[in-house]
Amino acid sequence: MTYQRRFALLLILTITAIAGFLFHGKSLQTTWRHIPQAIGLGEHYPSPEEIADGSNILPDLRDSRPSPDDQHLNSKGHADFLPGTTKPAGEKYTRTVVLARSQENTTWLESELSDLFALEEWKHAVYVVDDPRAPFHPPKNKGHEVMVYLSFIIDHYEKLPDLSIFMHAHRFAWHNNELLNTDAAEMLRRLSPERVIREGYMNLRCHWDPGCPDWLHPGALGENLEKQEETLLARSWGELFPLEPIPAVLSQPCCAQFALSRERILALPKSRYVYFRDWLLRSELSDYLSGRVFEYIWHFIFTGRSIVCPAMHACYCDGYGICFGGEKEFDDWFEIRFRMRESETRLSEWMYREKMIEEAKTEGRVEEEAELVVPELGRDVELRKEIKRLQEELDRRKDRALERGQDARNRAVEAGRQWREGDGF
Ligand SMILES: *[C@@H]1O[C@H](CO)[C@@H](O)[C@H](O)[C@H]1NC(C)=O
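Described below are features of the structure shown in this document. Predicted model, so just to flag it, every value in this text is computed and none were measured. Position labels on residues start from 1 in each chain and follow its written sequence. Restriction of local features to residues with pLDDT of at least 70 applies here, the model being predicted, together with a cutoff of 80 or more for giving and counting side-chain atom pairs; totals for whole chains, interfaces and linings are based on all residues. Side-chain numbers here rest on the full set of heavy atoms in the structure, without hydrogens or water.

## Here's the deal with empty space enclosed by the protein
Think of a ball as big as a water molecule: rolled over the atoms, this probe shows where empty space is left. Only protein atoms enter the 1 Å grid used here, on which a cavity is any set of points holding a 1.4 Å probe that cannot leave and a pocket is any open set flanked by protein within 12 Å on both sides along at least five of seven lines; residues with an atom within 4 Å of a point are listed as lining. Grid points are joined across faces, edges and corners, and a volume is the space filled by probe spheres set on the points. All told, the structure shown has two cavities of 30 Å³ or more when counted by the stated rule. The space that makes up the second largest cavity amounts to roughly 40 Å³. Counted by class, the lining of the second largest cavity contains five nonpolar, three polar and one charged residues. For this classification, Asp, Glu, Lys and Arg are treated as charged, while Ala, Val, Leu, Ile, Met, Phe, Trp, Tyr, Cys and Pro are nonpolar and the rest, including Gly, are polar.

Next comes the structure, spelled out in structure tokens:
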């Protein structure tokens, strides 16, 4: 045993003895029971070797609390986040898809993207939140995906891929991008690593609703029943960001799926992530609520800005290669789709009325039949034609957008950034 180890062991024994004296055994037990066990205390006492290594010790909140003279942090307590620089055109980016799951079936990840995961640069880390024997699992099943995302960062801080992509377990979800058929596999396939590198932090959802442009007002006085998170955030803020004033507004597209560059993760010291996770482990908020808090602050953690609402058309174009040509053209597509859906609604109303009349007729309910509004003859055929026409128009425009998106220059122009001959995406 080295001198340092012997000294560390002695120190631990002394501290334990003093603590034992102060808390008289019983109360010490109760105190310790509040400490989450999964990070090494409680049932599992760390071995002297682990203690000497500094591993497996409950992080001390006071140590990792940011201080104004932390070299990574500016006077406001957050890092100066700078745009990233992409590699020369055509070079590969390593990436890991981090998924949080419980019982959900995530085989889609490998089956839909088998061609990509066959490549050396694509990897995944599927965390099973409630199975401590799974190859990837968080220290405790608490705080939903937040625990998983932070655990991945903490566990891989020294060996991060170029991109880390954080997602939920479901392949199809309403909050996935509509123009990518709300399909997580398609989002992963099309996601531009260059945009992630440039932006550092990229919310995978392009649509502003819900979340942008002006969502939570954590400083608001009085409770807004529809947004109870406001009060919640106001209370958690001081614990999470002790050096930062509470922002008037917090906004980003919803739903906590995002990609990060290595550089952006490293812009904060590892101790910050440990601190955040520790807050989560200790939080007395319900799982749901503590998870929710982070949904509103991920962008703040990684950009230092309280509002991160990139233009939707730029997000789709630069981020996924679907380029309508500009904001107006992007809006037009959704306007056409709105009209198509209106026609669909009218058609189903027409069909419903038709059905009611038919039923009344066959059942001989003459009086009732007389009161029903008779659907206009031939209107259904017209509506069907209109729907078909609009659907074809939408498909045509989307195909053109996909084509446009294959050209690196188009993407740069639509996202409003400089591009020179020879630049990649
Ligand atoms: C998971 O889903 C796939 C289809 O995507 C299916 O083939 C497989 O049987 C499912 N596995 C389980 C355990 O349900």
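Structure shown, so let's carry the discussion forward.
## Things to note about the pattern of salt bridges
The working definition used for a salt bridge is a side-chain nitrogen of Lys or Arg within 4 Å of a carboxyl oxygen of Asp or Glu. With the rule as written, the count across this model stands at 23 salt bridges. Among the salt bridges present, the one from Glu 359 reaches Lys 355, with a minimum N-O distance of 4.0 Å. Residue Glu 359 and its partner Lys 355 are both found in helix H16 (residues 327-362); the two are separated by four residues, about one turn of the helix. Each residue is placed in one exposure class: buried if its accessible area under a 1.4 Å probe, protein chains only, is under 20% of its type's maximum, exposed if it is over 50%, and partly exposed if it falls in between. For Glu 359, a relative accessible area of 30% corresponds to the partly exposed category. With a closest N to O distance of 3.2 Å, Lys 388 and Glu 392 form a salt bridge. Highlighted residues: Lys 388 and Glu 392, both in helix H18 (residues 379-404), separated by four residues, approximately one helical turn. Helical segments are the DSSP runs of H or I of at least four residues, strand segments are the runs of E of at least two, and each set is numbered from the N terminus.

## Concerning the layout of surface pockets
The calculated volume of the second largest pocket comes to roughly 650 Å³. Together, 30 residues line the second largest pocket, and His 144, Glu 145, His 168, Cys 255 and Glu 295 are the ones closest to its centre. Taken together, the elements giving at least two residues each to the lining of the second largest pocket come down to strand E1 (95-101) and helix H13 (287-295). Within the lining of the second largest pocket, the residues separate by chemical class into twelve nonpolar, nine polar and nine charged.

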